[in-house]
Amino acid sequence: METWSYGEGAEPKRFPWPPPEDGAVLAAFGETWKSAVLDPGAFFRALPPRQGAGPAILYYLVLGILLAGVGLFWDVTGFFTSAAGEEAVAGEAGFGTLDPVVGFLLSPLLLMLGLLLSAGITHLVLLVFGGARNGFGTTLRVFCYAYSPMIFGVVPILGTVIGAVWMVVLAIIGLREAHQTEGWKAGVAVLLPFLVLVGLVIFAFIVLAAAGVALLGGLIG
């Protein structure tokens, strides 16, 4: 059995996920979450290079579905009223809103699509900058474990923001350690697609605003 070390001078120990056949699943899950969130450098440095992506995806889906379940609870109870505002905005824009129960049932599919898309784009950027020393599977697993702090999203708005920022930081650290590359390359790979998307949204908004002003000017004139 391969062993992996956490931190300098640490005694070699087994990577916490997946648990051994005779091990406690919840204990392994908790240890994985704690190590990924609180000691990401050592955790991602110890990521087994030849491990398949299946265990990491399972870990990611369990967290994601749990978070989706909590979101469904908030929607059903109506404790937070942000959904009503979102529904009104969607109605004004001519879009419908997804039923909360349907959204929960579709959460595994949506989670997988989001994972593959984000990891795929990031790995492509990492390849362009020469930072992908290992395969796509490594990037995929990094994203699975970097998702860990999103569990803070059980507290709407504030928890989601904290979890998302923390997740980005873990993804950068994870790519740096797992691919044994420079930190700036990992940072660019994670942040560049997001910045490009934001830029496209701003550009589209400016174009639509300019078109609206021109149309309004034509009607007045």
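This text goes with the structure placed above it.
Before going into details, it helps to say that this report is about the structure given with it. (Residues numbered from 1 in each chain as written. Predicted model: local features only at pLDDT ≥ 70, side-chain atom pairs only at ≥ 80, totals over all residues. Heavy atoms only, no water.)

1. Comments concerning the overall build of the protein chain
- Along the backbone of the protein chain there are nine helices and zero strands.
- When its helices and strands are written in sequence order, the protein chain yields α-α-α-α-α-α-α-α-α.
- Per-residue burial for the protein chain yields a buried fraction of 33% across its 221 residues.
- Look at the contacts in the protein chain between residues 6 or more apart in sequence, and 68% of them connect residues 24 or more apart.
- Element-wise, carbon and sulfur atoms account for 73% of the exposed surface of the protein chain, whose accessible area totals about 12900 Å². (Helix = DSSP H or I, 4+ residues; strand = E, 2+ residues; numbered from the N terminus. Buried < 20%, exposed > 50% of the residue type's maximum accessible area, 1.4 Å probe, protein only. Contact = heavy atoms within 4.5 Å. Areas by Shrake-Rupley, 256 points an atom, 1.4 Å probe, with all protein chains shown as cover.)

2. Looking at the environment of Pro-100
- Within the fold, Pro-100 resides in helix 5 (residues 100-105).
- By relative accessible area, which is 33% here, Pro-100 ends up partly exposed.
- In this structure, the C-alpha to C-alpha distance between Pro-100 and Gly-71, residues 29 residues apart in sequence, is 8.4 Å.
- Among all residues touching Pro-100, those that are not within four sequence positions of it are Leu-72 and Asp-75.

3. Looking at the nonpolar core
- Core analysis: the biggest nonpolar cluster contains 39 residues, and Tyr-60, Leu-115, Tyr-145, Tyr-147 and Leu-175 have the highest contact counts within it.
- Those elements that place two or more of their residues in this core are helix 1 (25-38), helix 2 (40-45), helix 3 (54-77), helix 6 (107-128), helix 7 (136-146), helix 8 (158-178) and helix 9 (183-220).
- Considering every element that reaches this core, the biggest residue donor is helix 3, with seven residues.
- Contact partners of Leu-175, with chain neighbours within four places excluded, come to Thr-122, Leu-126, Thr-139, Val-142, Phe-143, Gln-180, Thr-181, Ala-186 and Val-190. (Core = buried A, V, L, I, M, F, W, Y, C linked by side-chain atoms within 4.5 Å.)

4. Looking at the pattern of salt bridges
- Tallied over the entire structure, the rule returns four salt bridges.
- The partner of Glu-182 in a salt bridge is Lys-185, and the shortest N-O contact between them spans 3.4 Å.
- On the basis of relative accessible area, Glu-182 is assigned to the partly exposed category, the value being 35%.
- Taking relative accessible area as the criterion, Lys-185 reaches 13% and is therefore assigned buried.
- Several salt bridges share partner residues, and in doing so they unite Arg-45, Arg-176 and Glu-177 into one network. (Salt bridge = Lys/Arg side-chain N within 4 Å of Asp/Glu carboxyl O.)

5. With respect to helix 8
- Taking 1.5 Å of rise per residue, 21 residues should cover 30 Å, and helix 8 covers 30 Å from first to last C-alpha, within 8% of that figure.
- Listed in full, the buried residues belonging to helix 8 are Gly-159, Gly-163, Leu-170, Ala-171, Ile-173, Gly-174, Leu-175, Glu-177 and Ala-178.
- Among the residues trailing helix 8, Gln-180 stands out with phi positive, at a value near 55 degrees. (Expected span 1.5 Å × (residues − 1).)

6. Concerning unusual backbone geometry
- At the junction of Trp-17 and Pro-18, the peptide bond is cis and its omega measures out at 0 degrees in the coordinates.
- Tracing the backbone shows Pro-18 in the segment before helix 1.
- A positive phi angle, near 65 degrees, is found at Ile-157, a position not held by glycine.
- Assignment of secondary structure puts Ile-157 in the loop between helix 7 and helix 8.
- The phi torsion at Gln-180 lies on the positive side, around 55 degrees, for a residue other than glycine.

7. Overview of the packing of helix 3 against helix 7
- Two elements in contact, helix 3 and helix 7, have axes separated by 8 Å at closest approach and are oriented at 30 degrees. Overall, the two elements helix 3 and helix 7 adopt an arrangement that is roughly parallel. Once helix 3 is placed against helix 7, the crossing between them reads as left-handed. On the side of helix 3, the interface is formed by Pro-55, Ala-56, Ile-57, Tyr-59 and Tyr-60, while helix 7 contributes Leu-140, Arg-141, Cys-144 and Tyr-145.
- For the contact of helix 3 with helix 7, the class distribution of residues is eight nonpolar, no polar and one charged. (Axes fitted to C-alpha atoms, helices over the stretch in contact; angles between N-to-C directions. Parallel < 35°, antiparallel > 145°, perpendicular 65-115°, else oblique. Left-handed = near helix turned anticlockwise from the far one by under 90°. Nonpolar A, V, L, I, M, F, W, Y, C, P; charged D, E, K, R; others polar.)

8. A short note on the packing of helix 7 against helix 8
- Look at helix 7 against helix 8: their axes get within 9 Å of each other, and the N-to-C directions meet at 145 degrees. Here helix 7 and helix 8 pass one another in a crossing that is right-handed. Side by side, helix 7 and helix 8 meet where Thr-138, Thr-139, Val-142, Phe-143 and Ala-146 of the first sit next to Met-167, Leu-170, Ala-171, Gly-174, Leu-175 and Ala-178 of the second.

9. Some points on the packing of aromatic side chains
- If you walk through the whole model with that rule in mind, you get 13 aromatic pairs.
- For the ring pair Trp-33 and Phe-152, a centre distance of 5.9 Å and an interplane angle of 85 degrees mean the geometry is edge-to-face. On the criterion of sequence distance, the pair formed by Trp-33 in helix 1 and Phe-152 in the loop between helix 7 and helix 8 is long-range, its members being 119 residues apart.
- Residue Trp-33 is classed as partly exposed on the basis of its relative accessible area of 22%. (Phe/Tyr/Trp six-rings, centres within 6.5 Å; stacked < 30°, edge-to-face > 60°.)

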